[in-house]
Amino acid sequence: MSNFTWPQGRSVKIAPRANQHAISLTIHETGDGPAVVFCHGFPELAYSWRHQLPVVAAAGFRAIAPDQRGYAESSAPPAVTDYGLTELTGDMAGMLDALKIERAIFVGHDWGGFVAWAMPVLYPERTAGVVGVCTPYMAIPPTSVMRAMVNGKDERMYILWFQEPGRAESVMDRQARLIFDRLMRAPLSPEESAKRAMASGELDMNPFRRIEELKVETPTIVTQEELDTYVHAYEESGFRGGINWYRNIDRNSREHPEIGVAKLTLPCLMITAEWDGALPPRMAAGMPALCSDLEMHNVERAGHWVQQEFPDAVSNLIVAWLKRRFKKG
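Notes on the structure in this doc start here. Residue positions within a chain follow its written sequence, with the count starting from 1. pLDDT decides what is reported in this predicted model: residues at 70 or higher carry local features, side-chain atom pairs at 80 or more are listed and counted, and totals for whole chains, interfaces and linings draw on all residues regardless. Hydrogen atoms and water are omitted, and side-chain values are computed over all heavy atoms in the structure.

1. Observations concerning the packing of aromatic side chains
Centres within 6.5 Å make a pair out of two Phe, Tyr or Trp rings, where for Trp the six-membered ring is used; the pair is then stacked when the planes are under 30 degrees apart, edge-to-face when over 60, and tilted otherwise. Evaluated as defined, the whole model comprises 24 aromatic pairs. Summarising the aromatic geometry, the rings of Trp161 and Phe162 are spaced 6.1 Å apart at their centres and angled 35° between planes, so their arrangement reads as tilted. You can call Trp161 buried: its relative accessible area is 4%. When a residue's accessible area, from a 1.4 Å probe over protein chains only, is under 20% of the maximum for its type it is buried; when over 50% it is exposed; and in between it is partly exposed.

2. Describing the sheet that holds strand 6 (residues 127-133)
Pairing between strands is defined by DSSP: at least two bridges between the two strands are required. Where helices and strands are cited, they refer to DSSP runs of H or I of at least four residues and of E of at least two residues respectively, numbered from the N terminus. If you trace the 8 strands from one edge of the open sheet to the other, you get 1-2-4-3-5-6-7-8, paired in mixed fashion. Strands at the two margins of the open sheet, each flanked by one partner only, are strand 1 (10-14) and strand 8 (294-299). Averaged over all pairs of adjacent strands, the angle between strand axes in this sheet comes to 25°, irrespective of strand direction. Where strand 1 and strand 2 (residues 23-30) come together, 5 bridges link them in antiparallel fashion. In the sheet register, Arg10 faces strand 2, and the bridge partner there is Ile27. Contact criterion: two residues are considered in contact whenever any of their non-hydrogen atoms come within 4.5 Å of each other. Working convention: axes come from line fits to C-alpha atoms, limited for helices to the stretch in contact. Angles between N-to-C directions cover 0 to 180 degrees. Relative to strand 1, helix 2 (residues 85-98) is tilted by about 110°, and along the sheet it contacts strand 1, strand 2, strand 3 (35-39), strand 4 (62-67) and strand 5 (104-109). Contacting strand 3, strand 5, strand 6, strand 7 (268-273) and strand 8, helix 14 (residues 311-326) runs over the sheet at an angle of about 170° to strand 7.

3. Things to note about the nonpolar core
Buried residues of nine kinds, namely Ala, Val, Leu, Ile, Met, Phe, Trp, Tyr and Cys, make up a nonpolar core once their side-chain atoms join them within 4.5 Å. With 78 residues, the main nonpolar core has Phe42, Phe162 and Met172 as its most contacted residues. Top element by residues in this core is helix 3 (residues 111-122). It accounts for 8 residues. Not counting residues up to four positions away in its chain, the partners in contact with Met172 are Phe42, Trp161, Phe162, Ile179, Phe208, Phe239 and Ile243. Counting residues in each nonpolar core, the second largest holds 29 residues, with Ala46, Ala65, Ala273 and Leu322 among its members.

As structure tokens, then:
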């Protein structure tokens, strides 16, 4: 699919749901057939699925990747409370309404994975299947658990550092190119990552506040053109929208305690990445007890950006599963 041209985005208006604002999402789509919606994570874009969309479309599906709320040219409402799972899953249901799609298979990576796994719980009638890429079906840990990991030193855990509005943005918005240059690289081994995290003698899981200190140790996994796409998008939008998703973690747990706990019976596929430091494969260990129709695969030596680092492996796993479970004839 080397000659594939990333489809130009088009704006789709999402009708307001209860107590929500009307917004618009920029979506990128290709193909015809059963709908497959790709949900990106942070700090990413719909563009993160550029390798998967053409392959899924060629297999006979309608592949759709939205820039989710707060990202790129999609709406970025002002309030922190506009970015909870209630709103994010409502966007996906509203997008299906706007596109006149009854049900879809949801594929999610990173934060997009939490949205994808929430769909069969909050919108079971709209969800035909779920694919988790790195992100397992699990309850999101509360900030209190994360705080205990770093002995209350919030600046040492990026999720906690993100909690105060404006704090992270003031550092990150002026360093978009450096952030993506350092992030979009092949991973270190888990052993080396652990050494880096404890280099100061205390656990430090916040690369964003000290991004200029990170050494270039592994090859990039994106081309210069691909890197520029991310950089230009974030230089325009800033990081606020995506960071606001993190500011609703505890609210999500209060409002939706059933997510990550309720058992799922629909077709599920879980793809883990062996060297993912953020969402290691062990976090998916509890899924067989929660998902009665589950297939699991691991991509060896892959890091957190697995769908970009090993695009063929991820695309082939998704397509093979889609064909087995959803393709007629």
